[in-house]
Amino acid sequence: MELRSKILDRSARVGVVGLGYVGLPLAVEFARAGFTVTGIDLDQSKVARVNGGDSYIGDIPSSVLGPLVASGKLSATTDFSVIASLDTVNICVPTPLRKTKDPDMSFIVAASEQIAKHIHAGMLVIFESTTYPGTTDEVVLPMLTQSGLHVGRDFFLCFSPERVDPGNRKYQTANIPKVVGGVTAECTEHGRMLYAQAIETVVPVSSTQVAEMVKLLENTFRMINIGLVNEIAMMCDRIGVNV
Ligand SMILES: NC(=O)c1ccc[n+]([C@@H]2O[C@H](COP(=O)([O-])OP(=O)(O)OC[C@H]3O[C@@H](n4cnc5c(N)ncnc54)[C@H](O)[C@@H]3O)[C@@H](O)[C@H]2O)c1
């Protein structure tokens, strides 16, 4: 069956690489939408806790995770060879800054290497980690095309920034608008279709770089506003005004 049909009837086998603050809530939303979801993480203890229905992420109560695991909709593994049997994979690995303040790309490279080993025709790969504009096309894409598969025809690649705000009760994974941009229009359309099954609002954009730039703008906007209000708070404190 074509990937498009498998997404629309939710028979697609969905994978999430990296089961942290971003990946576990995403895996849960896909499972709640009816997909069979496999989480992949290097951390054996997280994998064991997911498989035991025992959540370690504040926004995901074990009472939500447990039944999804018990019903077989969600499971976790440390074995990347499972990717060969998946139809879609979302990459949610960390991108910390190095001491020199440049991003540590080693997690992205390691995860992409594993996906490149097991990628197959008809697969959708969506990269979600926070990163600089250009990463999807310049770093991830060349690793995946080493397989000989052609992007936009044999497989689909998108960037979709994760915008979750852990602890926010009003906006969580399912109701934060999801921006998605693909390497080609076909890639964007497949990414849009997948998210539309599980997330209320999907905002397709014209390229991976646009989606990456959205995230850079949002984080910069947030940082400047937090900095601004902290400065104002200090001034207020000096003159005895409740900020
Ligand atoms: N936490 C947030 O509020 C937030 C919000 C928006 C965006 N982001 C971004 O999302 C990405 C993920 O962040 P997070 O907070 O979920 O991180 P996290 O540290 O909570 O989780 C990352 C998970 O990835 C696993 N991992 C690392 N390397 C791996 C590999 N090669 N293969 C498989 N699993 C691997 C780790 O064991 C860990 O469980 C980062 O780029 C981050 O900047 C985070």
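Look up a bit, the structure's there.
Thresholds, definitions, all that
Residues numbered from 1 in each chain as written. Predicted model: local features only at pLDDT ≥ 70, side-chain atom pairs only at ≥ 80, totals over all residues. Helix = DSSP H or I, 4+ residues; strand = E, 2+ residues; numbered from the N terminus. Expected span 1.5 Å × (residues − 1). Contact = placed C-beta atoms within 7 Å. Core = buried A, V, L, I, M, F, W, Y, C linked by C-beta atoms within 7 Å. Buried ≥ 20, exposed ≤ 12 C-beta atoms within 10 Å, placed from the backbone. Axes fitted to C-alpha atoms, helices over the stretch in contact; angles between N-to-C directions. Parallel < 35°, antiparallel > 145°, perpendicular 65-115°, else oblique. Left-handed = near helix turned anticlockwise from the far one by under 90°. Nonpolar A, V, L, I, M, F, W, Y, C, P; charged D, E, K, R; others polar. Pairing = 2+ DSSP bridges. Near = placed C-beta within 6 Å.

To continue, consider helix H5 (residues 106–118). For H5, which comprises 13 residues, the first-to-last C-alpha distance of 19 Å matches the rise-based estimate of 18 Å (1.5 Å per residue) to within 8%. Check the buried side of H5 and you find it contacts strand S1 (13–17), strand S4 (88–91), strand S5 (123–127) and helix H6 (135–145).

A few words now on the nonpolar core. Ranked by internal contacts, the top residues of the largest apolar core, which has 55 residues, are Ala27 and Val125. Broken down by element, this core gets its largest block of residues, 6 residues, from helix H2 (residues 23–32).

Attention now moves to the packing of H5 against H6. Between H5 and H6, whose axes approach to 9 Å, the crossing angle comes to 25°. One way to sum up the angle between H5 and H6 is to call them roughly parallel. Crossing angle aside, the handedness with which H5 passes H6 is right-handed. Residues Ile108, Ser112, Glu113, Ile115 and Ala116 of H5 lie in contact with H6, whose contacting residues are Val139, Val140, Met143 and Leu144. Residues belonging to the contact of H5 with H6 are distributed by class as follows: 7 nonpolar, 1 polar and 1 charged.

The subject of this paragraph is unusual backbone geometry. Of note, the phi angle at arginine 10 is positive, near 60°, even though the residue is not glycine. In this fold, arginine 10 is placed in the loop between helix H1 (3–8) and S1. By C-beta crowding, arginine 10 is classed as partly exposed, having 15 other C-beta atoms within 10 Å. A positive phi angle, near 70°, is found at lysine 101, a position not held by glycine. Checked against the element boundaries, lysine 101 lands in the loop between S4 and H5. On the neighbour-count criterion, lysine 101 (6 C-beta atoms within 10 Å) is exposed.

In spatial order, the strands read S3-S2-S1-S4-S5-S6-S7-S8; together these 8 strands make up an open sheet with mixed pairing. The sheet is open, and its two borders are formed by strand S3 (74–77) and strand S8 (202–205), each paired with just one other strand. Along the sheet, successive strands turn relative to each other by an average axial angle of 25°, direction set aside. Pairing between S5 and strand S6 (residues 155–159): 5 bridges, direction parallel. Residue pairing across strands places phenylalanine 127 opposite phenylalanine 159, the latter belonging to S6.

This brings us to the environment of aspartate 41. Examined against the element boundaries, aspartate 41 turns out to sit in the loop between strand S2 (36–40) and helix H3 (44–51). Measuring from C-alpha to C-alpha, the distance between aspartate 41 and cysteine 92 comes to 9.8 Å, with 51 residues separating the pair along the chain. Not counting the four nearest positions on each side in its chain, aspartate 41 is found in contact with Gly18, Leu19, Lys46, Val47, Ala76 and Thr78.

What follows deals with the site of the ligand. Looking at the ligand, there are 24 residues lining it, with Gly18, Gly20, Val22, Ser129 and Thr130 nearest. Among the elements that make up the shell around the ligand, the one with the highest residue count is H5 (3 residues). Split by residue class, the shell around the ligand holds 14 nonpolar, 6 polar and 4 charged.

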